[in-house]
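One-letter residues, chain by chain:
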Amino acid sequence: MPELPEVETVRRGLSELIIGKAIASATNDTPKSFPNTQTDVKQFMIGAKVTAIRRRAKVLMIDLSTEYSLVIHLKMTGQLVYVGTKDRFGAGHPNDSLVNALPDKSTRVTIGFDDDSQLFFNDQRKFGWVKLMPTLEIPNLPFMKKVGPEPLEAEFTPQQFRDRFRRRARTNIKAALLDQSVVAGVGNIYADEALWGAKIHPTRLTGSITDDEFEALYTELREVMNLSIEKGGSSNRNYVNAEGKRGSYMDFARVFRREGLPCPRCGTTIEKSRVAGRGTHICPFCQVA
DNA sequence: CACTTGACCTGTCCGC
DNA sequence: TGCGGACAGGTCAAGT
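Every value quoted in this text rests on a predicted model; they were computed, and no experiment measured them.

A. Layout of the pattern of salt bridges. For the structure shown, the criterion picks out 15 salt bridges. Between lysine 21 and aspartate 115 there is a salt bridge, and its shortest N-O distance comes to 2.7 Å. Separated by 94 residues along the polypeptide, lysine 21 in the loop between helix H1 (4–18) and strand E1 (23–28) and aspartate 115 in the loop between strand E6 (107–113) and strand E7 (118–123) bring together distant segments of the chain. Its salt-bridge partner being glutamate 213, residue arginine 204 comes within 2.8 Å of it at the nearest N-O pair.

Shown next, in the form of structure tokens:
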């Protein structure tokens, strides 16, 4: 899925596109994608205006004027694509080929606004979900209670970063990085990219990582995520932003999905293996087990 | 508790 | 071209 930079890119895009609009309709395919009752939808969603769009970890929240929110997780293949009226009915828009194709077989939820524009939640693998709930209850969700700090917040220090890993001392550093209760928002792409940047082998025991290495990992993780946000995220396969466009971070990736190619730092051939149940990319020269 | 593995789904790619 | 298996950006429920 979309990791922190991708979800943040969607958040920023949607903020420009739908804040202030009123919801006129909502349809969905299965209760799995959108488990609310029609009564809930009528009472708290239809007629409501979008007041704010927030992100916590990889979760997106669309706040409504009814004090309810749409809480959304894109998981592996989720997309939120907005189609404006000009795009939809006017000719010659650069995205015509894509927007005219929506909804498609992966569309799970369609939200219509009062100006006839639409927001599509597409999800090929059906792992993702959209849920309508009271805004004030969001912090009570089990995920929100356990999720760790936002790594890009200015007040998040290298010392806090290092201390968060104590609970995962006996597992490998990659599994710890992917654990959302340690630090929020890290997924498979940025875990590999940050470990390469900090020259740490992903199978190293978390308890063996030195203070200097934690500091390097902290710096690299923030740099790689900030760069990705700047580039509009990573489009490995399915990810697109709120306008249906792909991000360009993959053009800048140093190891992720680059097995067989030379390490940009030393030229050694990048290798792919499996760590923490996930495809993992390393430079075997720069990152020593 | 900490840790690992399988399950949830569909689509695509790769080797035979 | 067909078919089986592995794999894909995430999380959770089980198991040890």
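B. Representation of the side chain of threonine 110. Looking at where threonine 110 falls in the secondary structure, it is placed in strand E6. The exposure class assigned to threonine 110 is buried, which follows from its relative accessible area of 12%. Sequence-distant contacts of threonine 110, that is, excluding residues within four places in its chain, are made with Ser25, Ala26, Thr27, Gln118, Leu119 and Phe120.

C. Spatial organisation of the protein's contact with DNA strand B. All residues in the neighbourhood of DNA strand B are listed as Lys32, Lys105, Gln124, Arg125, Lys126, Phe127, Arg167, Arg168, Ala169, Arg170, Thr171 and Arg237. Sugar and phosphate atoms constitute 74% of the interface atoms of DNA strand B, taking the interface as everything within 4 Å of the protein. Lysine 32 places a side-chain nitrogen or oxygen 3.1 Å from a phosphate oxygen of DNA strand B. Looking at side-chain class alone, the surface near DNA strand B contains 2 nonpolar, 2 polar and 8 charged residues.

D. Looking closely at the environment of valine 41. Position of valine 41 among the secondary structure elements: in helix H2 (residues 38–44). Along the backbone, valine 41 and isoleucine 53 are 12 residues apart, and their C-alpha atoms lie at a distance of 19 Å. Non-local contacts of valine 41, meaning those with residues more than four positions away in its chain, are made with Ala26, Phe34, Asn36, Ile46 and Leu132.

E. Quick peek at the sheet that holds strand E2 (residues 50–56). Spatial strand order, E2-E3-E4-E8: 4 strands in an open sheet with antiparallel pairing. Only two strands of the sheet have a single partner each, and these edge strands are E2 and strand E8 (129–134). Across this sheet, the average inter-strand angle for adjacent strands is 20 degrees, counted without regard to direction. Sheet strands touched by H1: E2 and strand E3 (59–64). Its angle to E2, the strand with the most contacts, is close to 170 degrees.

F. Inspection of the packing of H1 against helix H9 (residues 211–230) at higher detail. One can describe the packing of H1 onto H9 by two numbers: an axis separation of 9 Å at closest approach and a directional angle of 35 degrees. Between H1 and H9 lies a crossing whose hand is right-handed. Taken together, the residues of H9 that come into contact with H1 (itself represented by Leu4, Pro5, Glu6, Glu8, Thr9 and Arg12) are Met225, Ser228 and Ile229. Per-class residue counts for the contact of H1 with H9 are 4 nonpolar, 2 polar and 3 charged.

G. Inspection of the sheet that holds E6 at higher detail. The strand order across the open sheet built from 4 strands is E1-E6-E7-E5, with neighbouring strands paired in antiparallel fashion. The sheet is open, and its two edges are formed by E1 and strand E5 (78–83), each paired on a single side. This sheet shows a mean twist of 15 degrees between the axes of neighbouring strands, independent of strand direction. Note: E1 against E6, 5 bridges, orientation antiparallel. Paired with alanine 26 across the bridge in E6 is isoleucine 111. Along the sheet, H1 contacts E5, E6 and E7; its crossing angle with E5, the most-contacted strand, is approximately 25 degrees.

H. Fine view of the nonpolar core. Core analysis: the largest hydrophobic core is formed by 31 residues, its most contacted members being Leu14, Met45, Ile62 and Leu70. The leading source of residues in this core is H1, at 4 residues. If near-sequence neighbours (up to four positions away) are discounted, isoleucine 62 is found in contact with Leu14, Ile18, Val50, Ala52, Ile53, Tyr68, Ser69, Leu70, Ile72 and Leu119. Within the second largest apolar cluster, 30 residues are counted, among which are Ile189, Ala198, Ile200 and Leu221.

Definitions and cut-offs
Residues numbered from 1 in each chain as written. Chains lettered and ligands numbered in written order. Predicted model: local features only at pLDDT ≥ 70, side-chain atom pairs only at ≥ 80, totals over all residues. Heavy atoms only, no water. Salt bridge = Lys/Arg side-chain N within 4 Å of Asp/Glu carboxyl O. Helix = DSSP H or I, 4+ residues; strand = E, 2+ residues; numbered from the N terminus. Buried < 20%, exposed > 50% of the residue type's maximum accessible area, 1.4 Å probe, protein only. Contact = heavy atoms within 4.5 Å. Near = heavy atom within 4 Å. Polar contact = N/O pair within 3.5 Å; in protein donor to acceptor, adjacent residues only side chain to side chain. Nonpolar A, V, L, I, M, F, W, Y, C, P; charged D, E, K, R; others polar. Pairing = 2+ DSSP bridges. Axes fitted to C-alpha atoms, helices over the stretch in contact; angles between N-to-C directions. Left-handed = near helix turned anticlockwise from the far one by under 90°. Core = buried A, V, L, I, M, F, W, Y, C linked by side-chain atoms within 4.5 Å.

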